[in-house]
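The chain contents come next:
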Amino acid sequence: ASALHGGSQEERLNISGGGHENEPLTRADVGVHHRVRMRGSFLTCSVIAGMVIHVNGATGDNANDGADWATAKQTVAAGLAAATSGDEVWVAAGTYAERITLKDGVALYGGFAGNETELSQRNWAVNQTILDGRQGGTVVTAPQTATATTRIDGFTIRNGKAANGGGIYCYNSP
């Protein structure tokens, strides 16, 4: 067995024997920060910085894993709940009537059409992504544990209502 290690290195593991060829791989088998591809009888694992969780309010389902646009989550809150530090949550254009709390180390990006494969392909000016608090309180809360890698980008935030921070509330956050 070969161990995966950090950096931009790629390892090839021959899985055509040893009882492994009929066993499905799960996220736990390769870890949160590895991309897995099958090429012939070889499994290629690349270490990556984090995963992308996809959200599409029009076509998503929160029971989905969010691994791509076809299996997107439906709500921003579900996308954030599925993410761990180092991950990105990509949100397709639309209005999301939600109040959310950002997650430490997770980058939340709006402005997607719903077919992009690279962050640089989004157009947040054309694909408006709106978080609407419906006057129910703070729309976006940054946790006190937030770090410099916790971010929100590409959203219009509207209809928040609070004495302090109706749109975005950051208390003791960097």
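Residues numbered from 1 in each chain as written. Predicted model: local features only at pLDDT ≥ 70, side-chain atom pairs only at ≥ 80, totals over all residues. Heavy atoms only, no water.

**Student:** For this particular structure, what's the right way to read the overall build of the chain?
**Tutor:** Secondary structure summary: the chain contains two helices and 13 strands in total. Looking at the 174 residues of the chain, the share that counts as buried comes to 35%. Considering only contacts in the chain between residues 6 or more positions apart, those separated by 24 or more positions represent 55%. (Helix = DSSP H or I, 4+ residues; strand = E, 2+ residues; numbered from the N terminus. Buried < 20%, exposed > 50% of the residue type's maximum accessible area, 1.4 Å probe, protein only. Contact = heavy atoms within 4.5 Å.)

**Student:** What's the story with the nonpolar core in this structure? I'm lost.
**Tutor:** If you look at soluble globular proteins, the nonpolar side chains tend to sit buried side by side. Judged by nonpolar contacts, the single largest core of 23 residues is most densely connected at V76, V89, V91, I100, L108 and L131. Listed by contribution, the elements that provide at least two residues to this core are β4 (52-55), α2 (76-82), β5 (88-92), β8 (107-112) and β10 (140-142). Once residues lying within four places of it in the same chain are set aside, the contact partners of V91 are V55, W69, V76, Y96, L108, Y109, G110, G111, F112, T129 and F155. (Core = buried A, V, L, I, M, F, W, Y, C linked by side-chain atoms within 4.5 Å.)

**Student:** Please clarify how the confidence of the model for the chain should be interpreted in this entry.
**Tutor:** Any segment with low pLDDT has predicted coordinates that should not be analysed in fine detail. Averaged over all residues, the pLDDT of the chain equals 80, while 71% of them reach at least 70. In this model, residues 1-38 is a region of pLDDT below 50 whose contacts with residues beyond four sequence positions or in other chains number 70 contacts. (pLDDT = per-residue confidence, 0-100.)

**Student:** Help me understand the pairing of β5 in this model?
**Tutor:** Put simply, side chains in a regular strand alternate between the two faces of the sheet. With four of five residues buried, β5 is to be regarded as a mostly interior element. The sheet contact formed by β4 and β5 spans four bridges and is parallel. The residue bridging I53 from the neighbouring strand is V89, located in β5. Judged from the four bridges that link them, β5 and β8 form a sheet pairing that is parallel. Bridge pairing links W90 to Y109 in β8. (Pairing = 2+ DSSP bridges.)

**Student:** Please explain the pattern of salt bridges as it appears in this structure.
**Tutor:** One side chain can pair with another of opposite charge once the charged atoms of both are near each other. Across all of its chains, the model carries two salt bridges by this definition. The partner of R158 in a salt bridge is D132, with the nearest N and O atoms 3.1 Å apart. Of this pair, R158 sits in strand β12 (residues 156-158) while D132 sits in strand β9 (residues 129-132), placing them 26 residues apart in sequence. (Salt bridge = Lys/Arg side-chain N within 4 Å of Asp/Glu carboxyl O.)

**Student:** Mind showing me how you'd approach the sheet that holds strand β7 (residues 100-101) here?
**Tutor:** Strands belonging to one sheet form pairs held by backbone hydrogen bonds; the direction of such a pair is parallel or antiparallel. The strand order β7-β10-β13 describes an open sheet built from three strands, whose pairing is parallel. If you trace the sheet from one side to the other, it starts and ends with β7 and β13 (168-170), each paired once.

**Student:** I keep staring at the environment of A92 and nothing clicks. Help me out?
**Tutor:** One can find A92 in strand β5. Classification of A92 by relative accessible area gives buried; the value is 2%. Along the sequence, A92 and Y109 sit 17 residues apart, while their C-alpha atoms lie 9.0 Å from each other.

**Student:** Explain the environment of Y171 here, please?
**Tutor:** Secondary-structure assignment places Y171 in the segment after β13. Residue class for Y171 comes out partly exposed when judged on its relative accessible area of 44%. Sequence-wise, Y171 and T141 are 30 residues apart; in three dimensions their C-alpha atoms are separated by 8.7 Å.

**Student:** Can you help me understand the side chain of D132 in this one?
**Tutor:** Here D132 falls in the buried class, since its relative accessible area comes to 8%. Polar contacts involving the side chain of D132 include one to the side chain of N159, which spans 3.1 Å. Non-local contacts of D132, meaning those with residues more than four positions away in its chain, are made with T95, Y96, A97, E98, R158 and N159. (Polar contact = N/O pair within 3.5 Å; in protein donor to acceptor, adjacent residues only side chain to side chain.)

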